[in-house]
Amino acid sequence: MAGWNIDFSDKVALVTGGSRGLGKAIAFAMAEKGARVAISGRKQENLDKAAEELKKAGFDVLARTAHAGKADHVAALIAAIEELYGRLDILINNVGSNILTPSVVEADEGLWDKLMETNLKGAFLAASCAYPLMKKTGGGKIINISSIAARKAARGMGIYCVAKAGLEMLTKVLAVELAQDGITVNAVAPCVVKTRFSQPFWSNESLLKEIVASIPMGRIAETTDVVGAVLYLASGLSDFVTGEIVNVDGGAMA
Ligand SMILES: NC(=O)c1ccc[n+]([C@@H]2O[C@H](COP(=O)([O-])OP(=O)(O)OC[C@H]3O[C@@H](n4cnc5c(N)ncnc54)[C@H](OP(=O)(O)O)[C@@H]3O)[C@@H](O)[C@H]2O)c1
């Protein structure tokens, strides 16, 4: 480990879903710590906006559309990173979607598949494509963005809960499988974080009150709370930590 500082100046990081919300905050933090950053998402205009902000702040960024659940998109994204930077050290599987759905038995197959694709399959595809590149350069860090919903069934969020539970087991399985290649795999599991994604929760005053009452620290998370845990897991400070799920929830799961 190169000291106690978090310094990514020789590193390349990919943040999937990096065009807004948590992913954008993570991309900025990575870049501020010196990393060359790639961000992906479905919509070019969202990516262009985020890339513009990053460039304005003086950071190098590759912004490229890639649907997280489509193998050919993900393979092309990783190939573009390899071509431009020649390496990939940190993969942050941040894409997630569609938190609110009908109950599991009322949901149709298409909805089930869509949620599994974005919240679970995408992380499998990105890790699989990133693996040879990480291995080639001697190791890496994979961080999956889960949710405390992975371990707490909630009405109206059933498919999301199941997908995130799968993501947490994928984290552990990959940790065991990739340890010999010097790749650590961990997850961060936040409670409600104030982003567009969670607006139905924090914009409803009585619901927000209910959520906050379940969090011992008495507030929902800000993106900066989650960024702190991600920086730790992406850095040399966590070199012997793998297969872990770090809750960022103000004590909600304690
Ligand atoms: N916010 C919360 O309360 C909260 C709590 C716990 C966990 N999380 C997790 O944190 C992560 C980030 O959430 P967020 O709140 O930042 O969400 P967000 O604001 O909705 O941002 C989602 C990002 O992912 C991209 N995206 C969505 N679907 C995609 C797909 N199929 N392929 C590629 N990119 C896709 C979006 O860009 P495009 O729309 O252009 O594709 C956007 O950049 C998710 O995994 C979520 O489950 C969030």
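As the structure is a computational prediction, the values presented were derived from the model and not from experiment.

Visitor: Quick question: what am I supposed to make of the pairing of strand β1 (residues 12-16) here?
Guide: When a strand is regular, its side chains alternate between the sheet's two faces. In terms of burial, β1 is a largely internal element, 5 of the 5 residues being buried. In β1, alternate side chains face the same way, and those of Val-12, Leu-14 and Thr-16 on one face and Ala-13 and Val-15 on the other are all buried. Looking at chain direction, β1 and strand β2 (residues 36-41) are connected through 5 bridges and run parallel. Considered in β2, the bridge of Val-15 is made with Ile-39. Assessed by its sense of winding, the connection that carries the chain from β1 through helix α1 (residues 21-32) to β2 is right-handed. Relative to strand β4 (residues 90-93), β1 runs parallel, the two sharing 3 bridges. Bridge assignment links Leu-14 to a residue of β4, and that residue is Leu-91.

Visitor: Would you mind going over helix α4 (residues 109-136) with me for this structure?
Guide: Three- or four-residue spacings in an α-helix give side chains the same orientation, since the helix completes a turn every 3.6 residues. Across its 28 residues, α4 extends 39 Å between first and last C-alpha, which sits within 8% of the 40 Å expected from 1.5 Å per residue. In the structure, α4 departs most strongly from a straight axis at Glu-117, where the bend amounts to approximately 45°. Where α4 begins, one side-chain oxygen reaches toward the backbone nitrogen of Gly-110, 3.1 Å away; that side chain belongs to Asp-108.

Visitor: Explain the state of the cysteines to me, please; I cannot follow it from the model alone.
Guide: Covalent bonding between the sulfur atoms of two cysteines defines a disulfide. Per the stated rule, a full pass over the model turns up 0 disulfides. Of the cysteine sulfurs around Cys-161, a residue in no disulfide, the closest is that of Cys-191, at 14 Å.

Visitor: What is the right way to read the environment of His-67 from this model?
Guide: Inspection of the secondary structure puts His-67 in the loop between β3 (61-65) and α3 (71-85). Residue His-67 is classed as buried on the basis of its relative accessible area of 17%. Here the side chain of His-67 touches Gly-69 through a polar contact of 2.9 Å, landing on its backbone nitrogen.

Visitor: How do you make sense of the site of the ligand when you look at a structure like this?
Guide: Around the ligand sit 28 residues in total, of which Ser-19, Arg-42, Tyr-160, Val-193 and Thr-195 are the nearest. Arg-42 places a side-chain nitrogen or oxygen 2.7 Å from an oxygen atom of the ligand. The contact in question runs from an oxygen atom of the ligand to an N or O atom on the side chain of Thr-195, over 2.5 Å. For the ligand, the accessible surface in isolation is 900 Å², of which the surrounding protein chains cover 98%. Elements supplying a minimum of two residues to the shell around the ligand: α1 and α5 (158-178). Here the shell around the ligand is composed, by residue class, of 11 nonpolar, 13 polar and 4 charged.

Basis of the calculations
- Residues numbered from 1 in each chain as written.
- Predicted model: local features only at pLDDT ≥ 70, side-chain atom pairs only at ≥ 80, totals over all residues.
- Heavy atoms only, no water.
- Buried < 20%, exposed > 50% of the residue type's maximum accessible area, 1.4 Å probe, protein only.
- Helix = DSSP H or I, 4+ residues; strand = E, 2+ residues; numbered from the N terminus.
- Pairing = 2+ DSSP bridges.
- Right-handed = clockwise from strand over helix to strand, strands pointing away.
- Expected span 1.5 Å × (residues − 1).
- Bend = angle between axes of the 7 residues up to and from the residue.
- Polar contact = N/O pair within 3.5 Å; in protein donor to acceptor, adjacent residues only side chain to side chain.
- Disulfide = S-S within 2.5 Å.
- Near = heavy atom within 4 Å.
- Areas by Shrake-Rupley, 256 points an atom, 1.4 Å probe, with all protein chains shown as cover.
- Nonpolar A, V, L, I, M, F, W, Y, C, P; charged D, E, K, R; others polar.

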